[in-house]
Amino acid sequence: MKKPETIAVTAGRPEHTPDASLNPDVQFTSTFRAGGPLGYGRYGNQTWLAVEDAISQLEGGRTLIFSSGMAAINAVFNILPVGAVVTASNQGYSGTMTVLKMLNESGRLEVRFVDVANTSEVIAAIPGTQLLWLESPTNPCLEVADLPTLIKAAKQAGIGVAVDNTFATPLNQNPLAMGADLVMNSVTKFLAGHSDILMGAISTKDDALFTRIETQRKLGGAIAGPMEAWLALRGIRTFAIRVQRGSESALELAKRLSEHPKVSRVRYPGLPTDPQHERAKSFMRGFGAVFSFEVKASGEETERVCNAAKLITNATSLGGVETLWERRRRWPIESEVVPESLIRVSVGIENVEDLWDDIKQALDTI
Ligand SMILES: *Cc1c(COP(=O)(O)O)cnc(C)c1O
């Protein structure tokens, strides 16, 4: 098996024949001449296949890309029968949380919300459910679920498991290798890595599940554009090196902020003082490039800190080459368990001292 750094560079290339292009073409077509496996532009595209090959090799399964991470997540919920019971984290990506709440309220699904960091609470909730939906580390509180234990418990009980791997990325953990049925990545974030496209991916080792999700994509229609697919693969070439650099800087900034007088708490599983560090270390290869911290201040003052940055951009999203931060509670759909003064930081590849200078001067404004 090739290592992820090598897969990122080699996957999705055209066949090695004389004068073959190194990179796939952007296949701009809505349809194909009859007789082949693609058939129509909503069913397949050669440029999708190239990026899917890369994510498949990184996650160790077969992959389907979608127009966004949320499109991929909804495709998973859509294959569940009406009234199916789902156990899911009570805090995690606000988009997923809101969709699950809506599906629960309408009766489409019955959702049991649990604290994913509390292993015995999750295990107690899973009997009688069809799907365990996990996200780890969680967005934006960086809670770590004990993935190997939870996946094993769910599989023993015959329950399907899906994991949102956006924060860790396939560089740091591979849920399919731990026994999960499905893994989801918001390709928008670290995989594509340049804050210029939206895309989602579902990977699985199970051929029957693959076909059911593929039918959702074919008929749901939430397909990626060929240009976006090409840009995603272009971004994946440097994925490993970007995540490594961002993670090193995230740990350094998290350590320094832990000692800052205006900061009450830093959340990063890579910090040796983090309550979930030992658990994370037991199965993650690295801790990722996102951390959060709480300012000893009101929401309004915290907002001022975010706006005072000169190098760091106050913007939502994460996983790009440029460092972004934001106060998560500025979004009305963000969970009330997220403190008003929590800032989520997605660490890019700038010089870490420049980032630290900017964070210090921004905190000095309050
Ligand atoms: C951004 C994000 C998503 C949604 O992905 P989009 O590409 O924005 O639709 C899902 N899960 C997590 C953890 C995310 O950070």
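All of these numbers come straight from a predicted model, not from anything done at the bench. (Residues numbered from 1 in each chain as written. Predicted model: local features only at pLDDT ≥ 70, side-chain atom pairs only at ≥ 80, totals over all residues. Heavy atoms only, no water.)

1. Re the site of the ligand
What surrounds the ligand is a group of 15 residues, the closest being Gly69, Met70, Asp164, Thr188 and Lys189. Between the ligand and methionine 70, the relevant distance is 2.8 Å, taken from an oxygen atom to a main-chain nitrogen or oxygen of the residue. Separating an oxygen atom of the ligand from a side-chain N or O atom of lysine 189 is a distance of 2.8 Å. Here the ligand, which alone exposes 380 Å², has 94% of that area covered by the protein. A molecule is said to occupy a pocket when more than half its atoms come within 2 Å of that pocket's grid points, and by this definition the ligand occupies the largest pocket. No other element matches helix α3 (residues 69-78), which puts three residues into the shell around the ligand. Looking at side-chain class alone, the shell around the ligand contains six nonpolar, six polar and three charged residues. (Near = heavy atom within 4 Å. Polar contact = N/O pair within 3.5 Å; in protein donor to acceptor, adjacent residues only side chain to side chain. Areas by Shrake-Rupley, 256 points an atom, 1.4 Å probe, with all protein chains shown as cover. 1 Å grid on protein atoms, 1.4 Å probe; cavity = no way out; pocket = protein on both sides within 12 Å on 5 of 7 lines; lining within 4 Å. Sits in = over half its atoms within 2 Å of the grid points. Helix = DSSP H or I, 4+ residues; strand = E, 2+ residues; numbered from the N terminus. Nonpolar A, V, L, I, M, F, W, Y, C, P; charged D, E, K, R; others polar.)

2. Section: unusual backbone geometry
Glycine aside, the phi torsion of most residues is negative, and most peptide linkages are trans. The omega torsion of the bond from serine 136 to proline 137 falls at -10°, within 30 degrees of zero and hence cis. The amide bond that connects asparagine 139 to the next residue, proline 140, takes the cis arrangement and shows omega of 5°. A positive phi angle, near 55°, is found at leucine 142, a position not held by glycine. If you check the backbone angles, serine 317 has positive phi at about 85° while not being a glycine. If you trace the backbone, serine 317 turns up in the loop between β10 (313-314) and β11 (324-327).

3. Examining the environment of serine 317
Overall, the relative accessible area of 24% leaves serine 317 in the partly exposed class. When the C-alpha positions of serine 317 and glycine 92 are compared, they lie 14 Å apart, and in sequence the two are 225 residues distant. (Buried < 20%, exposed > 50% of the residue type's maximum accessible area, 1.4 Å probe, protein only.)

4. A closer look at the packing of aromatic side chains
All told, the structure shown has five aromatic pairs when counted by the stated rule. With a centroid separation of 5.7 Å and an interplanar angle of 80°, the aromatic rings of tyrosine 40 and tyrosine 43 are classed as edge-to-face. Note on tyrosine 43: relative accessible area 33%, which makes it partly exposed. Seen from the ring of tyrosine 43, lysine 218 lies directly overhead, with NZ or CZ sitting 5.1 Å from the centre. (Phe/Tyr/Trp six-rings, centres within 6.5 Å; stacked < 30°, edge-to-face > 60°. Lys NZ or Arg CZ within 6 Å of the ring centre and 35° of its normal.)

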